[in-house]
Every structure is written in structure tokens, then in C-alpha cells.
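# Understanding the architecture of this molecule
Each chain, letter by letter, is given below.
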There are 2 protein chains.
Amino acid sequence: MSEHLYEKTIASTTVYEGKVIDVKVDDVKLPNGHTSKREIVNHPGAVAVIALTPEGNLLLVRQFRKPLERTIVEIPAGKLELNEEPLHSAKRELEEETGYRSNQLEFVTSFYTSPGFADEIVHIYFTDQLTAGHVQTDEDEFVDLLEVTLEDAEKMIETKEIFDAKTAFAIQYLRLRKDI
Amino acid sequence: MSEHLYEKTIASTTVYEGKVIDVKVDDVKLPNGHTSKREIVNHPGAVAVIALTPEGNLLLVRQFRKPLERTIVEIPAGKLELNEEPLHSAKRELEEETGYRSNQLEFVTSFYTSPGFADEIVHIYFTDQLTAGHVQTDEDEFVDLLEVTLEDAEKMIETKEIFDAKTAFAIQYLRLRKDI
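Nothing here was measured: the structure is a model prediction, and the numbers come from that model. (Residues numbered from 1 in each chain as written. Chains lettered and ligands numbered in written order. Predicted model: local features only at pLDDT ≥ 70, side-chain atom pairs only at ≥ 80, totals over all residues. Heavy atoms only, no water.)

## What to know about the sheet that holds strand β10 (residues 121-127) of chain B
All names here are of chain B. In spatial order, the strands read β7-β4-β10-β9; together these 4 strands make up an open sheet with mixed pairing. Each edge of the open sheet is held by one strand with a lone partner, namely β7 (77-79) and β9 (106-112). Within the sheet, the average angular offset between the axes of one strand and its neighbour, ignoring direction, is 20°. Relative to β10, strand β4 (residues 46-51) runs parallel, the two sharing 6 bridges. Following the sheet pairing, A48 is matched in β10 by I124. Contacts between helix α1 (residues 86-98) and the sheet are confined to β4, β7 and β10, with β4 contributing the most and set at about 60° to the helix. (Pairing = 2+ DSSP bridges. Helix = DSSP H or I, 4+ residues; strand = E, 2+ residues; numbered from the N terminus. Axes fitted to C-alpha atoms, helices over the stretch in contact; angles between N-to-C directions. Contact = heavy atoms within 4.5 Å.)

Right, here's the structure in full:
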């Protein structure tokens, strides 16, 4: 039903092949017959977990994000490994980053983060069924673990410590869930 | 307070300079003294508008997203132009994509969309004060305008027509706002 919006690929040039992302430039034919270029970042996809402790606190991690040249505070998350099933990845990242385990992750939603220039998709899970495990951070991964109330998480949006899309989504999700 | 997480840049190499994005690879020194590489996409930033018509319907646009090779349905949005103030950009994009004008855009929040690999930030505005204007789409921009109830927008998440972070955030925002 949307053929009148379609952009046909005329040529595709890979301009960068990296460890995490690849970048290509596609020449496309627009619906009006004109040509244009589209810059596209290919990303393996990611998972993120909205996790509440038995006390009802939200698990968050502070980490340095090189693209922003600062630390921000996010829900636990990580990239999908090759051929890894998202649910498996979510369990793995939760334990690696927080030391908590869960076998009861509930799928919430998936969304593309930057559809204008990237194909990164994030799969979001929820759990309030955590058991103590062990932090097994990669030796080259550095994160601080935080456990905060929903009210304190909302304050961290105002102070811009929380500053990313998936965590902003997570906090609204919890507010809505509390209303149920 | 977060020096123990800091990643110092040792070297930075630009690997792609494009129309919308630039890509660089930074060599960094990790907190444990090891070195690593960070792939970073620089993006000019964007705005998006959560806009309700006088009837209480949400303005959405369907467009083809080349990175996804499909159309998705999103709240009206667009890139910041050079040195453009986000509020001005939001007004401009709203009118260009939907034909509606508003001089009463309320700032909602800003968030980074993909802090792991990109510095794209999206500034989100809300309005329920629209006046009729004219669709002034760039001749090479193709979008379908939709006006839907919040309930129908929620169904479009289930059918994966709505599939991006800012629009998922917008729908939660409206649900929470309705509860106020």
C-alpha cells in the first residue's frame, strides 16, 4: 500500500566496515524519479532490561559513553551477539552488568532507535523477579550499578543524568504499569 | 565523580564525512589502562512533535526509511539545520510534514537515541494548539499524513507500523498526560 513512498536502490557503496557498525551509502531513486543518497549505519541490534529489585527499586547502570564524552545512567543493555536470541542476550546482559539473574523476563516491546540513519533495533524486557547472581563484567567494561526509586529516576531525567531514549521509555513504562 | 569510568582519547580518525553523518574511530585508554576502539557516528540532532488536532487525534506521518527498507509511521520529526534553534526547527518540521502550524509548542524532553555509537539527540515538543497551514514538503520528501486516535496509535505498535523509539515514547507520554 506504500509503493508511492518507496525508494529503489540504484547502487550501494560500503564506506566503513567496523567492529560494531558498518556504514554504507545507497544511491536511491525517489518516487518522483529524482535520485538521492542515503547514508546508512548497520548495527547488530540490542537488548535492554527494565528490572525491579524485591524492594521495588529500578536497576540502573552508569557508564561512559564515548560518543557523548560523558557518563549517563541507563537501564542495563547491550548489543546482540552474532545469531544470539534476544531473550538470551537480555538475561546475559542483565547478569553481566548488575549481578542479578532472572528467568522471568517479560517481553515489553521492540523499537528502532534512529530510523533516519540506522537500523539499530532495541528489544526491551521487564522483570521484577530477580535473584542474586554475580557481576561478571567483561574486564574491559566499566559500569557503576545503581538501585533507585522511580521518583529518584524521574529526578535523574531532570538533571540529565538519565538522557537516553530507552531509559526515558522505561520510566514512563513503570509509571503506566504502576497505574494498572 | 565518574573519573573511574572515563575513556581518554589517544587518537581519532575520521573514516567517513557525509551529508548527514560523519563517522570516526577513536582509540581510547580504558580505566584499567588497556586500549580499545570506539566507533562513533556524529549526527546534527533532531526534533519531533507530539501534536494533537482539535478533535484530539494524534498527527503521524508514514515514510519510507531506507535503513529499514520499509515504511514506518512516526510522529513528525526532522533534522536540525546548521545553527538552528530546536524550537524553530520543530515548528518548521511540523508545518512542512503535516501542514499544521503551532506557536505553542511545549518542550517535553530531550534524549540521545543510541548513546552506544551515536551522538544523535532528539528534542521532543508537545502541542494541542494547531492552526491550519500548508504542507510545504521538500519536493524530494515523501510522506503520508495520518490523524489517529490514541487507541489506534497503540494498535499500530502491535502491528509494527509504529516501530521507533520517539513514537513509542510519545504514545506513553499521551497515556500519562491523559491520566493527569
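Text resumes after the structure shown.
## With respect to the packing of aromatic side chains
All names here are of chain A. Taken as a whole and assessed by the stated rule, the structure comprises 10 aromatic pairs over all chains. Consider the rings of F111 and F169, whose centres lie 5.2 Å apart with planes at 70°: the pair is edge-to-face. Taken together, the positions of F111 in strand β9 (residues 106-112) and F169 in helix α3 (residues 165-179) put the pair 58 residues apart, joining distant regions of the chain. Under the relative-accessibility criterion, F169 is labelled buried at 5%. (Phe/Tyr/Trp six-rings, centres within 6.5 Å; stacked < 30°, edge-to-face > 60°. Buried < 20%, exposed > 50% of the residue type's maximum accessible area, 1.4 Å probe, protein only.)

## Topic: the sheet that holds strand β3 (residues 35-42) of chain A
Backbone-to-backbone hydrogen bonds pair the strands of a sheet. The strands run either parallel or antiparallel. All names here are of chain A. What the 3 strands build is an open sheet, ordered β1-β2-β3; its pairing is antiparallel. Strand pairing shows two members of the sheet lacking a second neighbour, β1 (8-17) and β3, which therefore form its edges. Strand-to-strand twist in this sheet, taken as the mean axis angle between neighbours without regard to direction, amounts to 20°. Of the pairings in the sheet, the one linking β1 to strand β2 (residues 22-29) comprises 8 bridges and is antiparallel in character.

## Topic: unusual backbone geometry
One non-glycine residue, E69(A), adopts positive backbone phi at about 55°. Structurally, the position occupied by E69(A) is in the loop between β5 (58-65) and β6 (70-74).

## Observations concerning the environment of D128(A)
Residues and elements named next belong to chain A. Following the sequence through the fold, D128 ends up in the loop between β10 (121-127) and β11 (131-132). The spacing of D128 and E55 is 73 residues in sequence and 9.5 Å in space, taken between C-alpha atoms. At 3.2 Å, the side chain of D128 and the side chain of Q129 are in polar contact. (Polar contact = N/O pair within 3.5 Å; in protein donor to acceptor, adjacent residues only side chain to side chain.)

## Brief notes about helix α2 (residues 150-158) of chain B
Residues and elements named next belong to chain B. For α2, the set of buried residues is L150, A153 and M156. Angular distribution of buried residues about the axis of α2 spans 110°; they occupy a single face of the element. For α2, exposure combined with an orientation more than 90 degrees from the buried face picks out K155 and E158. Once α2 ends, the next one or two residues include K160, with phi positive near 65°. (Arc of directions from axis to C-beta.)

## Quick look at the confidence of the model for chain A
The predicted model of chain A has a mean per-residue pLDDT of 95, with 98% of residues at 70 or higher. Two summary scores accompany this predicted model of the complex, namely pTM at 0.96 and ipTM at 0.96. (pLDDT = per-residue confidence, 0-100.)

## Details of the relation of the copies chain A and chain B
Structural alignment of chain A on chain B gives an RMSD of 0.0 Å, achieved by rotating through 180° and translating 0.0 Å along the axis. Taken together, the rotation angle and the small translation identify this as a two-fold axis. An overlap of 100% is found between the interface residues of chain A and their copies at the interface of chain B, pointing to a shared contact surface. (Least-squares fit on C-alpha atoms with pLDDT ≥ 70 in both.)

## Description of the interface of chain A and chain B
Between chain A and chain B, the contact holds 71 residues from the first and 71 residues from the second. By the criterion of area lost to chain B, the three top residues of chain A are L5(A), E39(A) and K66(A), representing 11% of everything that side buries. Summed over the shared surface of chain A and chain B, the result is 0 salt bridges. Where chain A touches chain B, the interface holds 30 residue pairs in polar contact (both at pLDDT 80 or more). Sorting the residues of the side of chain A that touches chain B by element identifies β1, β2, β3, β5, β6, β9 and α3 of chain A as the ones contributing at least two each. Among the elements that line the side of chain A that touches chain B, the one with the most residues is α3(A), at 9 residues. Here the side of chain A that touches chain B is built from residues that sort into 33 nonpolar, 16 polar and 22 charged. (Buried area = accessible area lost by both parts, 1.4 Å probe. Salt bridge = Lys/Arg side-chain N within 4 Å of Asp/Glu carboxyl O. Nonpolar A, V, L, I, M, F, W, Y, C, P; charged D, E, K, R; others polar.)

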